[in-house]
Amino acid sequence: MEKVERKKTVSLVLGSGAARGHAHIGVIQAIEEQGYDIVSISGCSIGAIVGGAYAAGCFDEYKEWALSLDKVSVLRLLDMSIFNGGYIKGDKFFERIEEIIGTPSIEELPIDYTAVAVDLLYQKEFWFQRGDLISAMRASSAIPSIVSPVSINGRKYVDGGVLNPLPIIPSVPVGADYIIAVDLNGPADNLARMAEKEEEAEGDGPAWWSSAKSLFSKHKQDEVEANSNYDAESWGRLQTINMMFETMQESLTQYKLAGYPPDLLISIPKDISGFYEFWRAEELVEFGYQVARKAVTDLESNQSIYHSFPKG
């Protein structure tokens, strides 16, 4: 009787990075195509969302929705509230997520799942490994000063990236053959990106509406010159907050990697897209797929490297 070879197993760690999280979709596709069995996911922010959709068995439906997003549909999902300090509430976004995956509990998922958030009252990292999946996703992705904090059982939670943008530790006890981590805050690679220009709008609705529109205004040029990076003089409040948050996350990620290095690190350059460019799913999914396909192939090659920093 012919012996069936067991698939190698993977614990997947999906980092935070807002719109760049579409690259997680391509990474998952590449890992599965290489014949690996994903047995656990630990995620932070957008990583918790994409990972939750996968763990719930709704990966294809989530990908289809992500690819359908354009600027108008993204703007409609930004339910800013002038009565709540100008925060994005996130209700519309997660109503759509719930339509895709339903309302499963984490305990019901077929694979191990952890969403990492930060408990503001206890001022520490919190792992969601049981309870409502949607609530865990929301708590893990509540970006400070932009998205409303999430209240659960009397506690206030914000984005896990505040303390742990690449949550490797929850994947260790699973005992998979490999731990693969996807960092969305990798070193800038001078890639062309669609930088968004802040525009002052007068007499066109409340201030929060102008801020929202500025996220999607057309930049004066389609490509940013290699040495220009970001034009700080044109930054608005949201972009400044975003850049501060990304700087903090990049530093924290290096500490986490030093303490718990994965078997394979797939690094996505932080300048591949803007923070809110969710309408660029097609190219981001493809980028993640191409980078991961090469990196995962290297994992078991004769010249396999411990960490992979592919540049696309």
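Residue positions are counted from 1 within each chain, in the order its sequence is given. The predicted origin of the model limits local features to residues at a pLDDT of at least 70 and limits the giving and counting of side-chain atom pairs to 80 or more, whereas totals for whole chains, interfaces and linings rest on all residues. Side-chain measures here rest on the full set of heavy atoms in the structure, leaving out hydrogens and waters.

**Student:** Whenever I open this one, the environment of V296 confuses me. Can you help?
**Tutor:** Along the chain, V296 turns up in helix α9 (residues 281–299). Under the scheme applied here, a residue whose accessible area is under 20% of the maximum for its type counts as buried, over 50% as exposed, and between as partly exposed, the area being computed with a 1.4 Å probe on protein chains only. Residue classification places V296 among the buried positions, given a relative accessible area of 1%. For the pair V296 and I31, spaced 265 residues apart in the sequence, the C-alpha separation amounts to 6.8 Å. Whether two residues are in contact is decided by their heavy atoms, any of which lying within 4.5 Å being enough. With residues up to four places along the chain from it excluded, the contact list for V296 reads I31, Q34, Y36, I180 and L264. Helix and strand assignments come from DSSP, with helices taken as H or I runs of at least 4 residues and strands as E runs of at least 2, each series counted from the N terminus.

**Student:** For this particular structure, what's the right way to read the pattern of salt bridges?
**Tutor:** Here, a salt bridge means any Lys or Arg side-chain nitrogen found within 4 Å of an Asp or Glu carboxyl oxygen. Scanning all chains against the criterion turns up six salt bridges. A salt bridge links E99 to R96; the shortest N-O distance between them is 3.1 Å. Of this pair, E99 and R96 both sit in helix α5 (residues 91–101), three residues apart, which is roughly one turn of the helix. You can call E99 exposed: its relative accessible area is 60%. For R96, a relative accessible area of 29% puts it in the partly exposed group. In this structure, R280 engages E283 in a salt bridge whose closest nitrogen and oxygen atoms are separated by 2.6 Å. Assessed through its relative accessible area of 7%, R280 is described here as buried. Each of the salt bridges in this network shares a partner with another, and the network as a whole consists of E277, R280 and E283.

**Student:** Just to check I follow, could you spell out helix α1 (residues 22–33) for this structure?
**Tutor:** Every α-helix carries 3.6 residues per turn, so stepping three or four residues along brings you back to the same face. Here α1 spans 18 Å end to end across 12 residues, near enough to the 16 Å set by a 1.5 Å rise per residue. Within α1, nine of the 12 residues are buried, which leaves the element mostly enclosed by the surrounding structure. Burial in α1 covers these residues: H22, A23, H24, I25, G26, V27, I28, A30 and I31. One fewer than the residue count of a helix, multiplied by 1.5 Å, yields its expected span.

**Student:** Just checking my understanding: could you explain a negative patch on the surface for this structure?
**Tutor:** To count toward a patch, a residue needs a relative accessible area above 30% and no salt bridge. Like charges then connect within 9 Å, nonpolar side chains (Val, Leu, Ile, Met, Phe, Trp, Tyr) within 5 Å. Using the Shrake-Rupley algorithm and a 1.4 Å probe, accessible areas are obtained, with residue cover drawn only from the displayed protein chains. Think of it this way: Lys and Arg go in the positive column, Asp and Glu in the negative one, and His and the chain ends go nowhere. We put the charge of a Lys on NZ, of an Arg on CZ, of an Asp on CG and of a Glu on CD. Together, E32, E33, D37, D60, E61 and E64 line one region of the surface with negative charge. Mapped by element, the contributors of at least two residues to the negative patch are α1 and α3 (59–68). Considering every element that reaches the negative patch, the biggest residue donor is α3, with three residues. Here D60 lies in helix α3.

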